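A look at the structure
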Amino acid sequence: MKNMKELKWILILLLICLSLPVCACGGDASTTIAVVSTDYSIRELKAAPWDPEACDPSLDNPYWSYDCYVSKSNAYGDDTPLLVVNNEQKTTVHELYGDNGYLLGSDWGEFAAGLRYYPYTGTDSVTRPTTLLEDRCVDLFEPPPNTDSYAGKHGYVVTGWNKMLEPVQPTAVYVVHFPSEENEFQCYAEKLCDVSDDGAVASDISQNGTIYVACDSSLYAVTLGGAVTEIPVPDGWWDSCINSIVAIGDTLYIGSSFGVWTYDISGNGKGFTWFPAPYEEMVRDAA
C-alpha cells in the first residue's frame, strides 16, 4: 500500500510539471512562422533559444552581408497580410497622401533627412512646398481605419535624430495636419510626444492604432493619445542588429541581420520568440 501511495504522488507531481508553461526566452522550439520571400528559398522559420554569441562579429561568418528585412504583403477585404522576409536595406523614403497634397519623408541620416509637404497644385505662399521637420523620417502612417480619425486630414510621423542638428534630438512622434479650411490651408506638424533618447530604427502601426517604435536597444508602444510604454527587450537585442518591424494581427515581427523576433501584442503574455535565419539553407537553395 505504501508503494502504491508513493506511486500515486509521483504521478500527480509529474502531471503538474507537464502542465506548467515553458517560459524560456526563445519560446517553444516547435513553433514556426510562415513567410514568403523573393530573395530566399524559405517558407517558414523555426523558433529556437536566443543565442547572442551567434552575433559575435569576430566569428568567421560567410553570411554577414545578408539580412532578414520584414515587410507585409498587400491584403484585400478580410484577407490577412503575409509576412515577407527579404534581403533588403531599410526603407529610406516614405510618402503619405492627403486631401490637398502629400508628405515626403526621407531617412538618410546626415546626408538627407526631413519631412516636406507638397501641394497637388499651386506655387503661391500658401500652397508651395514646405519643410515641416528636419529630423529623420523613420516612417509615416495614416490613421487606422477603425479609429475616428480621417486619413485625408492628418497623419503620423516617427522621427529620429539626423546626426547633424544640435543638440541631439530624441525619437519622437508628430501629428501632421494637412491643409484644410479649418487651419487656413496650412500644413504643419504638431509634436505628440517624445519617445526615447535611443535612436529609432523602424516603426509600424497596429490595427488598433498603437505605434510601435523599434530603437537600437529598445522597443516602445505609443498610443494615438501620446502615452509611451517601454517594452522590455531580450538581452542582446542590440547585437541582433534590428532593421525593420511590421505589425500583423496580434503579432509584431521584428527583422534583424540574424533572424526574426516576434512579440505578442495581444496581452496573453507570450512575450518574445526568436526565429534564427538558417542562411546556409536559405541562400544555397535560392541560388
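Right above here is the structure, for reference.
A short tour of the structure in this document, coming up. Here the structure is a predicted model, which means the values were calculated and not measured.

Moving on: the environment of Leu96. Mapping Leu96 onto the fold places it in strand β5 (residues 93–97). What makes Leu96 buried here is its relative accessible area of 8%. Along the backbone, Leu96 and His154 are 58 residues apart, and their C-alpha atoms lie at a distance of 9.5 Å. Residues in contact with Leu96, not counting those within four places in the same chain, are Tyr102, Leu103, Leu140, Phe141, Glu142, Gly155 and Phe178.

On to the sheet that holds strand β7 (residues 112–119). Spatially, the 4 strands line up as an open sheet ordered β5-β6-β7-β8, and their pairing is antiparallel. Because the sheet does not close on itself, it has two edges, and the strands there are β5 and β8 (130–133). Going across the sheet, the axis of each strand differs from the next one's by a mean of 25°, ignoring polarity. With 5 bridges connecting them, β5 and strand β6 (residues 101–108) associate as antiparallel partners. Bridge assignment links Val93 to a residue of β6, and that residue is Ser106.

Turning to the environment of Ser71, a few remarks are in order. Along the chain, Ser71 turns up in strand β3 (residues 69–72). Note: C-alpha distance between Ser71 and Val84 (13 residues apart in sequence) is 5.1 Å. Contact partners of Ser71, with chain neighbours within four places excluded, come to Leu82, Leu83, Val84 and Val246.

Within the structure shown, the criterion is met by 16 aromatic pairs. Between Tyr102 and Tyr118, the ring centres sit 5.3 Å apart and the planes meet at 15°, which makes this aromatic pair stacked. Of this pair, Tyr102 sits in strand β6 while Tyr118 sits in strand β7; the two residues are 16 residues apart in sequence, bridging distant segments of the chain. Under the relative-accessibility criterion, Tyr102 is labelled partly exposed at 23%. Ring pairs connect the aromatic residues Trp50, Trp237, Trp261, Tyr263, Phe272 and Trp274, which therefore count as one cluster.

Now for unusual backbone geometry. Glycine aside, residues mostly have negative phi angles, and peptide bonds mostly take the trans form. In this model, Lys163 sits at a positive phi of 70°, which is unusual for a non-glycine residue. Within the secondary structure, Lys163 sits in the loop between β10 (154–160) and β11 (171–177). Backbone geometry at Cys241 places phi at a positive 65°, although glycine is not the residue there. The topology assignment puts Cys241 in the loop between β16 (228–231) and β17 (242–248). Residue Cys241 is classed as partly exposed on the basis of its relative accessible area, which comes to 36%.

The next point concerns a nonpolar patch on the surface. Together, Val93, Leu104, Trp108 and Phe111 give the surface a local cluster of nonpolar side chains, amounting to about 450 Å² of exposed area. In this structure, Leu104 sits in strand β6. In this structure Leu104 comes out as partly exposed when scored by relative accessible area, which is 30%.

With respect to burial, strand β13 (residues 200–205) is a largely interior element, 6 of its 6 residues being buried. The antiparallel hairpin formed by β13 and strand β14 (residues 211–215) contains 5 residues in its connecting segment, where Gly209 sits at a positive phi of about 90°.

The next point concerns the pattern of salt bridges. As enumerated under the stated definition, the model contains 5 salt bridges in all. Between Asp107 and Lys90 there is a salt bridge, with its nearest N and O atoms 3.0 Å apart. Taken together, the residues Asp107 in strand β6 and Lys90 in the loop between β4 (83–86) and β5 connect sequence positions 17 residues apart. The exposure class of Asp107 is buried, given its relative accessible area of 5%. By relative accessible area, Lys90 is classed as partly exposed at 28%. A cluster of three or more residues bridged by salt bridges with shared partners is formed by Lys90, Asp107 and Arg136.

Take the sheet that holds strand β18 (residues 251–256) next. Taking strand neighbours across the sheet as the criterion, the 4 strands line up as β17-β18-β19-β20 in an open arrangement whose pairing is antiparallel. Across the chains shown, the open sheet's two edge strands, defined by having one partner strand only, are β17 and β20 (272–276). Across the sheet, the axes of successive neighbouring strands diverge by a mean angle of 20°, strand direction being ignored. In this structure, β17 lies alongside β18, joined through 6 bridges in antiparallel fashion. From the neighbouring strand, Val246 faces β18, where its bridge partner is Tyr253.

Core analysis: the largest hydrophobic core is formed by 20 residues, its most contacted members being Leu219, Trp237, Ile245, Leu252, Ile254, Trp261 and Phe272. Ranked by the residues each element gives to this core, the list is headed by β17, at 3 residues. Counting 19 residues, the second largest nonpolar core, distinct from the first, contains Leu45, Val70, Val260 and Val283.

Conventions used here
- Residues numbered from 1 in each chain as written.
- Predicted model: local features only at pLDDT ≥ 70, side-chain atom pairs only at ≥ 80, totals over all residues.
- Heavy atoms only, no water.
- Helix = DSSP H or I, 4+ residues; strand = E, 2+ residues; numbered from the N terminus.
- Buried < 20%, exposed > 50% of the residue type's maximum accessible area, 1.4 Å probe, protein only.
- Contact = heavy atoms within 4.5 Å.
- Pairing = 2+ DSSP bridges.
- Axes fitted to C-alpha atoms, helices over the stretch in contact; angles between N-to-C directions.
- Phe/Tyr/Trp six-rings, centres within 6.5 Å; stacked < 30°, edge-to-face > 60°.
- Patch = residues over 30% accessible without salt bridge, like charges linked within 9 Å, V, L, I, M, F, W, Y side chains within 5 Å.
- Areas by Shrake-Rupley, 256 points an atom, 1.4 Å probe, with all protein chains shown as cover.
- Salt bridge = Lys/Arg side-chain N within 4 Å of Asp/Glu carboxyl O.
- Core = buried A, V, L, I, M, F, W, Y, C linked by side-chain atoms within 4.5 Å.

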